[in-house]
Amino acid sequence: MQKPKQESPTSKIIQLKKKTSSPAPKPVKNIRAVHRHRALALVAALALLLCLFGFNIYRVASAQAEVQGNLHRSRQEMATVKAQNDKLKTSVQQLNDPNYLEKYIREKYYFSKPGEIIFSLPGDKGKDVTAK
């Protein structure tokens, strides 16, 4: 009988072949084109952001200018109303004074004291009751 042959431990090992050659490098022209496209996309994105921010800044500035204009008009109107209010307060104070009230009524409506006669001459420039 024959003895079975013993296999050596190294006979079961399979050697893998290493690829020593790397894949062929891409042409330099193609890499430059990719970089150019990326740079162009980046510039386009930045330009878009700049346009959006510029539009928002313009919108805010125009709204602020409108508010400033409204504020200026309101302040002018307030000054006018205050001046008118002061005139009216002065007028009320004068009308509460009996001497001024008597003088005002005599001039404007030609009222007279008992026994007094009022003559209206053509050259008088006094206020007339019928004048409008």
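All right, on to the overall build of the protein chain then. Helix and strand content of the protein chain: two helices and zero strands. Buried residues in the protein chain amount to 1% of all 132 residues. For the protein chain, the accessible surface area stands at approximately 13700 Å², while carbon and sulfur atoms represent 62% of it.

Between the first and last C-alpha of helix α2 (residues 98-109) there are 16 Å, a value that for 12 residues agrees with the 16 Å anticipated at 1.5 Å per step. Two residues or fewer after α2 comes Y110, characterised by a positive phi angle close to 55 degrees.

To continue, consider a nonpolar patch on the surface. Nonpolar side chains collect at one region of the surface, where L42, L46, L48, L49, L52, F53 and I57 lie side by side and expose about 740 Å² of accessible area between them. Relative to the elements of secondary structure, L49 occurs in helix α1 (residues 28-95).

Quick look at the packing of aromatic side chains now. Centre-to-centre distance and the angle between the planes together describe a pair of aromatic rings. Evaluation of the coordinates by the stated rule reveals one aromatic pair. Centre to centre, the rings of Y100 and Y104 are 6.1 Å apart; their planes meet at 20 degrees, and the pair counts as stacked. Taken together, the residues span about one helical turn, with Y100 and Y104 both in helix α2 at a distance of four residues. Residue classification places Y100 among the partly exposed residues on the basis of a relative accessible area of 30%.

Close approach of charged atoms allows side chains of opposite charge to pair. Scanning the model with the defined rule gives two salt bridges in all. Close ionic contact of K113 with E102 constitutes a salt bridge, the shortest N to O distance being 3.9 Å. Placement of K113 in the segment after α2 and of E102 in helix α2 is noted, with a sequence separation of 11 residues between them. When its relative accessible area of 39% is taken as the criterion, E102 is described as partly exposed.

Cut-offs and rules
- Residue positions are given per chain, counted from 1 along the sequence in the order it is written.
- pLDDT decides what is reported in this predicted model: residues at 70 or higher carry local features, side-chain atom pairs at 80 or more are listed and counted, and totals for whole chains, interfaces and linings draw on all residues regardless.
- With hydrogens and water excluded, all non-hydrogen atoms of the structure serve as input to the side-chain values.
- To qualify as a helix, a DSSP run of H or I must reach at least 4 residues; to qualify as a strand, a run of E must reach at least 2; elements of each kind are numbered from the N terminus.
- Each residue is placed in one exposure class: buried if its accessible area under a 1.4 Å probe, protein chains only, is under 20% of its type's maximum, exposed if it is over 50%, and partly exposed if it falls in between.
- Residue burial considers only the protein chains on display, and all accessible areas are found by Shrake-Rupley using a 1.4 Å probe.
- The length a helix should cover is 1.5 Å for every residue beyond the first.
- Residues with no salt bridge and a relative accessible area higher than 30% make up the patches, which join like charges within 9 Å and nonpolar side chains (Val, Leu, Ile, Met, Phe, Trp, Tyr) within 5 Å.
- Whenever a carboxyl oxygen of Asp or Glu lies within 4 Å of a side-chain nitrogen of Lys or Arg, that contact is scored as a salt bridge.
- For Phe, Tyr and Trp, where Trp contributes only its six-membered ring, two rings pair if their centres lie within 6.5 Å, and the inter-plane angle classes them as stacked under 30 degrees, edge-to-face over 60, or tilted in between.

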